[in-house]
Amino acid sequence: MNCNELKSLVQEYVTRELTPEDRHRVDTHVMDCQDCRRELALMSAVVSGLDSQPASEPPAGFAARVMAGLPRQRELVLSPWWSLAAAPVLGVLAYLFRAPLLESVLRLAGRTGIGQVSVTELGLAQMAIVPAVVVLLALGVTAAAATYCWRSC
Amino acid sequence: MGREVEATAEESLVRRSAHGDGRAFAVLVNRYKGMVFSTACRLLNDAGRAEDAAQETFIKAYAALPGFRGEAKFSSWLYRICYNSCISMLRKKRPEVELKEAATASVPGPVEEVRSRSIKQAVMDEVVEMPEDYRAMITLYHFNGLSYEEIALTTRKPLGTVKAQIHRARALLKTRLIERVGWEELRKVMWT
Ligand SMILES: [Zn+2]
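Residues numbered from 1 in each chain as written. Chains lettered and ligands numbered in written order. Predicted model: local features only at pLDDT ≥ 70, side-chain atom pairs only at ≥ 80, totals over all residues. Heavy atoms only, no water.

## Examining the coordination of the zinc ion
All names here are of chain A.
Here is step 1 of the chain: Protein coordination at the zinc ion: the donors are Cys3 (SG), His29 (NE2), Cys33 (SG) and Cys36 (SG), at 2.1 to 2.3 Å from the metal.
Here is step 2 of the chain: With 4 donor atoms in place around the zinc ion and angles of 101 to 115 degrees between them, the coordination shape is tetrahedral.
Here is step 3 of the chain: Linear spacing of the donor residues for the zinc ion on their chain is C-x25-H-x3-C-x2-C.
Here is step 4 of the chain: Of the residues examined, Cys33 reaches a relative accessible area of 13% and is grouped as buried. (Donors = N, O, S within 2.8 Å, 3.2 Å for Na, K, Ca; no water. Tetrahedral: all angles 85-135°; square planar, octahedral: opposite > 155°, others 65-115°. Buried < 20%, exposed > 50% of the residue type's maximum accessible area, 1.4 Å probe, protein only.)

What follows is the structure in structure tokens.
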């Protein structure tokens, strides 16, 4: 390797883009050539200076200003986790209002001719079916939403 | 392993942000604000306009996130948006006075002063004074860690041009460092 060839490779040497063979050739040359040693040292100084530039922080409140500047319409309102949290709440509500709920379900059933039972004939155990169904429904919605999210993400 | 976990965490932050999760995006803003702002400072040579460009970068990124498919690293994608914001800002208005001020502010004092500072600062002072194209290339490569290919994609320049310009920029930096500091002085700085 001569000095001109070395000068054409000095940057790649410093940025570690050379093949091991070329690296070795450069190493061998600079052992006996002071000019090229100097060239290499200088380029190393430039590159390490460039590589070690610290990032400077933006003025205070920058992130807040960015967040305030974002459009609002893409706000996520419904996540599957919300319906997961809603399931027990809905269950409790359904249990509290089990009588009118059941009554309306039965009235609907009577009107469509599925069956005719009066609320008073039903025991407490059967009336617990309503909240249980509501909870199951909510969980079903959660599962569907979670699956949809997982697939689309 | 640690980096893998970090990458996965970032992937999830990016995905959530794309779905409009503001809190996830805030984490990304805080993670990258320093790099984006510093990149803009280097490209524009003006801290005030750099803040505007950095802000614009994040707002554009948020809007474009649903289209981000993850072919590139999120950081590279973000720096590309930042580069474009800065370039359009440079084209829009070019307040010569401000640029000149930024340049003269960084002109070094006597050699003694340079010696007392680190070589890093001396290199940075020279970068500030480089032609716009060179400054951008050098910043994207050495500061943002983009590959030659990514820089070509970002700047819409042929790969050969990118490589040649980065080479010329480094060579120019080297020459200017010697001119400014002198080899003997530089050697003292380099080995102290
Ligand atoms: Zn030589």
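## Considering empty space enclosed by the protein
Here is step 1 of the chain: A full pass over the atoms with the stated rule returns 1 cavity of 30 Å³ or more.
Here is step 2 of the chain: Of the volumes computed, that of the largest cavity is approximately 50 Å³.
Here is step 3 of the chain: Forming the boundary of the largest cavity are Leu50(A), Gln53(A), Arg42(B), Met124(B), Val127(B), Ile138(B), Thr139(B), His142(B) and Phe143(B).
Here is step 4 of the chain: Sorting the residues of the lining of the largest cavity by element identifies α7 (119–128) and α8 (132–143) of chain B as the ones contributing at least two each.
Here is step 5 of the chain: For the lining of the largest cavity, the element with the most residues is α8(B), which contributes 4 residues.
Here is step 6 of the chain: Residue composition of the lining of the largest cavity, grouped by class: 5 nonpolar, 3 polar and 1 charged. (1 Å grid on protein atoms, 1.4 Å probe; cavity = no way out; pocket = protein on both sides within 12 Å on 5 of 7 lines; lining within 4 Å. Points joined across faces, edges and corners; volume = space filled by probe spheres on them. Helix = DSSP H or I, 4+ residues; strand = E, 2+ residues; numbered from the N terminus. Nonpolar A, V, L, I, M, F, W, Y, C, P; charged D, E, K, R; others polar.)

## Observations concerning the confidence of the model for chain B
Here is step 1 of the chain: Residues at a pLDDT of 70 or more form 81% of chain B, whose mean pLDDT is 83.
Here is step 2 of the chain: Scoring of the predicted complex yields 0.67 for pTM and 0.77 for ipTM. (pLDDT = per-residue confidence, 0-100.)

## Description of the packing of aromatic side chains
Centre-to-centre distance and the angle between the planes together describe a pair of aromatic rings.
Here is step 1 of the chain: Enumeration over the complete set of coordinates arrives at 7 aromatic pairs over all chains.
Here is step 2 of the chain: Each ring, one from Phe68(B) and one from Trp77(B), has its centre 4.8 Å from the other, and the planes form 45 degrees; the classification is tilted. In terms of burial, Phe68(B) and Trp77(B) fall into one category: buried.
Here is step 3 of the chain: With centroids separated by 5.8 Å and ring planes inclined at 35 degrees, the aromatic side chains of Phe74(B) and Trp77(B) adopt a geometry described as tilted. With Phe74(B) and Trp77(B) both in helix α4 (residues 74–92) and 3 residues apart, this pair spans about one turn of that helix. Residues Phe74(B) and Trp77(B) agree in their burial class; the two are buried.
Here is step 4 of the chain: Through a chain of ring-to-ring contacts, the aromatic side chains of Tyr32(B), Phe68(B), Phe74(B) and Trp77(B) assemble into a single cluster.
Here is step 5 of the chain: A cation over an aromatic ring shows up here: Arg23(A) above the ring of Tyr13(A), its NZ or CZ 4.2 Å from the ring centre.
Here is step 6 of the chain: Above the plane of the ring of Tyr141(B) lies Arg170(B), whose end atom (NZ or CZ) is 5.1 Å from the centre. (Phe/Tyr/Trp six-rings, centres within 6.5 Å; stacked < 30°, edge-to-face > 60°. Lys NZ or Arg CZ within 6 Å of the ring centre and 35° of its normal.)

## Some remarks on the pattern of salt bridges
Here is step 1 of the chain: With the rule as written, the count across this model stands at 9 salt bridges over all chains.
Here is step 2 of the chain: Between Lys174(B) and Glu39(A) there is a salt bridge, with its nearest N and O atoms 2.3 Å apart. Here Lys174(B), found in helix α10 (residues 159–181), pairs with Glu39(A), found in helix α3 (residues 34–51), and the two come from separate chains. For the pair Lys174(B) and Glu39(A), one class covers both residues: buried.
Here is step 3 of the chain: In this structure, the salt-bridge partner of Lys157(B) is Asp133(B), at a minimum N-O distance of 3.3 Å. Here Asp133(B) lies in helix α8 and Lys157(B) lies in the loop between α9 (148–155) and α10, a separation of 24 residues in the sequence.
Here is step 4 of the chain: For Lys157(B), a relative accessible area of 22% puts it in the partly exposed group. (Salt bridge = Lys/Arg side-chain N within 4 Å of Asp/Glu carboxyl O.)

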